[in-house]
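# Notes for the structure review
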Amino acid sequence: MENTDTKQQKIVQMFDEIAGTYDRANRVLSMGIDIQWRKKACDETFKRYNKPIELIVDVACGTGDMMGYWSKQATKADRQIGKIMGVDPSVGMSDVGKQKFPEFEFFISEATALPLANESADIVSISYGIRNVMKRQEAFREFARVLKQGGYVVILEFTKDDKKGLFFTIKDFYLTKILPILGGLISKNKAAYEYLPNSIEGFLTASMLQKELDDAGFETEFCKSFSMDISTLVIARKR
Ligand SMILES: C[S@@+](CC[C@H](N)C(=O)[O-])C[C@H]1O[C@@H](n2cnc3c(N)ncnc32)[C@H](O)[C@@H]1O
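For the structure given in this document, a descriptive report is provided here. The structure presented is a predicted model; accordingly, all values stated were derived computationally and were not measured.

## Here's the deal with unusual backbone geometry
Positive phi outside glycine occurs at Met 31, with the angle close to 55°. By the element assignment, Met 31 lies in the loop between α1 (4-30) and α2 (33-48). Its identity as a non-glycine residue notwithstanding, Ala 60 has a phi of 55°, on the positive side.

## Observations concerning the site of the ligand
The immediate surroundings of the ligand are formed by 18 residues, with Arg 38, Ala 60, Asp 88, Ala 111 and Ser 127 found nearest. At a separation of 2.9 Å, a nitrogen atom of the ligand approaches a polar side-chain atom of Gln 8. Glu 110 is positioned such that a nitrogen or oxygen atom in its side chain is 3.2 Å from a nitrogen atom of the ligand. If the ligand stood free it would expose 600 Å²; the protein chains cover 98% of that surface. At 4 residues, the largest contribution of residues to the shell around the ligand is made by α1.

## Let's talk about the environment of Glu 54
Checked against the element boundaries, Glu 54 lands in strand β1 (residues 53-59). Sequence separation between Glu 54 and Ser 120 is 66 residues; the distance between their C-alpha atoms is 8.4 Å. Glu 54 has contacts with Gly 82, Lys 83, Asp 122 and Lys 148, leaving out every residue within four places of it along the chain. There is a polar contact of 2.5 Å between the side chain of Glu 54 and the side chain of Lys 148.

## Overview of the pairing of strand β5 (residues 147-158)
For a regular strand, side chains alternate in direction, first toward one face of the sheet and then toward the other. The buried fraction of β5 amounts to 11 of the 12 residues, a majority that puts the element mostly inside the structure. Bridge count between strand β4 (residues 121-127) and β5: 6 bridges; the pairing is parallel. Opposite Ile 126, over in β5, you have Ile 155 as the bridge partner. Crossover β4 to β5 through helix α5 (residues 136-146) is right-handed. Pairing between β5 and strand β7 (residues 231-238): 7 bridges, direction antiparallel. By the bridge assignment for β7, Phe 158 is matched with Ser 231.

Conventions and cut-offs
- Residues numbered from 1 in each chain as written.
- Predicted model: local features only at pLDDT ≥ 70, side-chain atom pairs only at ≥ 80, totals over all residues.
- Heavy atoms only, no water.
- Helix = DSSP H or I, 4+ residues; strand = E, 2+ residues; numbered from the N terminus.
- Near = heavy atom within 4 Å.
- Polar contact = N/O pair within 3.5 Å; in protein donor to acceptor, adjacent residues only side chain to side chain.
- Areas by Shrake-Rupley, 256 points an atom, 1.4 Å probe, with all protein chains shown as cover.
- Contact = heavy atoms within 4.5 Å.
- Buried < 20%, exposed > 50% of the residue type's maximum accessible area, 1.4 Å probe, protein only.
- Pairing = 2+ DSSP bridges.
- Right-handed = clockwise from strand over helix to strand, strands pointing away.

Here it is in structure tokens:
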């Protein structure tokens, strides 16, 4: 039986391997729907957090798209942000991100060990990343450590659901049959795109996610699932 650290290393290695094709595959597989979810995450957070924003940390930042949306939506909302930084253990993903967004800082590290002082961040976001973090509770405690009191954790993730019906059968078919083939063709790594439906199935429901956040010291203020419940946005405030 593989231990947690070995599993975690293999996941990061998998992202290193697909880093060069990640953005292209993402665009095709999500059909651009994720853009609305990302913008909504930023806008709903800005509505709630009225203090000056010194620091936004995007954990599991990958190739940096969420950081780009924080910056874009802040401009639209006329909000100033002191600094946006990204943290990810995959050197391959971060290297692509650095080329796309030279204006942001990137750090190589896991969600459980953020290179930040206590209570230094206003917002911690993690988009489609928490599913890959093996030591999730440890990561949530780490987010609580680095956030200022009243700061927000913003999570976008594919959550598990137990619903039945035609839409959900279609969604299942897409995730388990079509997505691995398309993702495999684009990345030449089918295994990586078989991992996606399996990791969703092994993940939490939206209410389980809120319960874990509550245990780590957060109060959920917004929780909504989008697009046939494929993706869930949770915004929670540090108590
Ligand atoms: C599906 S990608 C999402 C990237 C980006 N946030 C986005 O929205 O496109 C998942 C990312 O999680 C990162 N990751 C895997 N394990 C992690 C961990 N323990 N801590 C932080 N990030 C991790 C991977 O390296 C990868 O970049």
